[in-house]
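Chain by chain, the residues run as shown.
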Amino acid sequence: MVDIKSVGVIGAGQMGSGIAHVCALGGYDVLLHDVSSDRIDAGLQAIERNMMRQVVRGIIDQSAMDEGLKRIKAAPELQTIGATDLAIEAATENEETKKAIFKALGPHLGDKTLLASNTSSISITRLASVTDRPDRFIGLHFMNPVPLMKLVEIIRGIATGPETYETAVNFAKSLGKTTSNAEDFPAFIVNRILVPMINEAIYTLYEGVGTVDAIDTAMKLGANHPMGPLELGDFIGLDTVLSIMNVLHEGLADSKYRPCPLLVKYVEAGWLGRKAGRGFYDYRGETPVPTR
């Protein structure tokens, strides 16, 4: 098995910075890449803020934070990621974008470098097919927010080798995560169950069965969910919710996965949730206010 000592993370957004965060605290040397230096800087700043929160809460101590931050380096050039032992792609949930990244990275990879995608819904087999090493390609689906959530879904493509799988499981466990194995079907386990529930909540709003507040309150108090489904959709990003529903609808050809027209309208309006300031709630004031 590959002895992983260094990790390259492609994408410095919420997921990529979270993955870099836990890898650095896990003792790995980390290179963080994105399409611009501004995005990398924003990711590094987010990591520092989130580690500081962990220090304040007593989850880690100051020395662990200091050592962790030293292990993370900016990687403005994609090719430098190829020198790491494990390269994890954490770009936007778009198949063509992800394939383009792996194609561009390919000529710069070391002979033994393992490849992983943090995709939450897209076929690992298809992503692996554009690389020169489908046997050393695997899905590592971290949950959001990465430093807090304990699960990593492990998804094998049809060509993923047993050593790659064992290495991936051991790597995730070394980060203090619990692993769950999923077959390479659209949206895997978590999002195949979770995202249609969010979509159904949006249909419930769309059809006038309940208001935003009524739906979220009902699920929090009636089903003991820590967050209502519409609030959760805003947290995930409504563009990501729509992307996953489209993957399910196209991949499984079942009408029960049809994205709600209201979800489509919100995404068309740019009301993508928390990151955009508006979704099913308006986040621009002191407290979130339902938008419908």
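Below or above, wherever it landed, is the structure these notes cover. Just so you know, these numbers come straight off a predicted model, no measurement behind them.

A separate point is the overall build of the protein. Regarding its fold elements, the protein presents eleven helices and ten strands. Rg of the C-alpha trace for the protein: 19 Å, near the compact-globule value of 19 Å for 292 residues, within the 12% margin. Taking the principal axes of its C-alpha atoms as reference, the protein extends roughly 55 × 45 × 35 Å. Going through the 292 residues of the protein one by one, you find that 48% of them count as buried. Carbon and sulfur atoms form 52% of the exposed surface of the protein, whose accessible area is close to 13700 Å². Counting 29 positive and 35 negative side-chain charges, the protein places the centres of these two groups 1 Å from one another.

All right, on to the sheet that holds strand 3 (residues 72-74) then. Strand order in the open sheet made by the eight strands is 3-2-1-4-5-6-7-8, with mixed pairing throughout. The sheet is open, and its two edges are formed by strand 3 and strand 8 (178-182), each paired on a single side. Within this sheet the neighbouring strands show an average axis-to-axis angle of 25°, counted without direction. For strand 4 (residues 86-89) and strand 5 (residues 114-117), the ladder comprises four bridges, and the chain directions are parallel. In the strand pairing of strand 5, E89 is matched with S117. Sheet contacts for helix 3 (residues 62-71): strand 2 (29-33) and strand 3; angle to strand 3, the most-contacted strand, approximately 35°.

About the criteria used
Residues numbered from 1 in each chain as written. Predicted model: local features only at pLDDT ≥ 70, side-chain atom pairs only at ≥ 80, totals over all residues. Heavy atoms only, no water. Helix = DSSP H or I, 4+ residues; strand = E, 2+ residues; numbered from the N terminus. Rg over C-alpha atoms; globule rule 2.2 N^0.38 Å. Buried < 20%, exposed > 50% of the residue type's maximum accessible area, 1.4 Å probe, protein only. Areas by Shrake-Rupley, 256 points an atom, 1.4 Å probe, with all protein chains shown as cover. Lys, Arg positive; Asp, Glu negative; His and termini not counted. Charge placed at Lys NZ, Arg CZ, Asp CG, Glu CD. Pairing = 2+ DSSP bridges. Axes fitted to C-alpha atoms, helices over the stretch in contact; angles between N-to-C directions. Contact = heavy atoms within 4.5 Å.

Nothing here speaks to function; it is geometry throughout.
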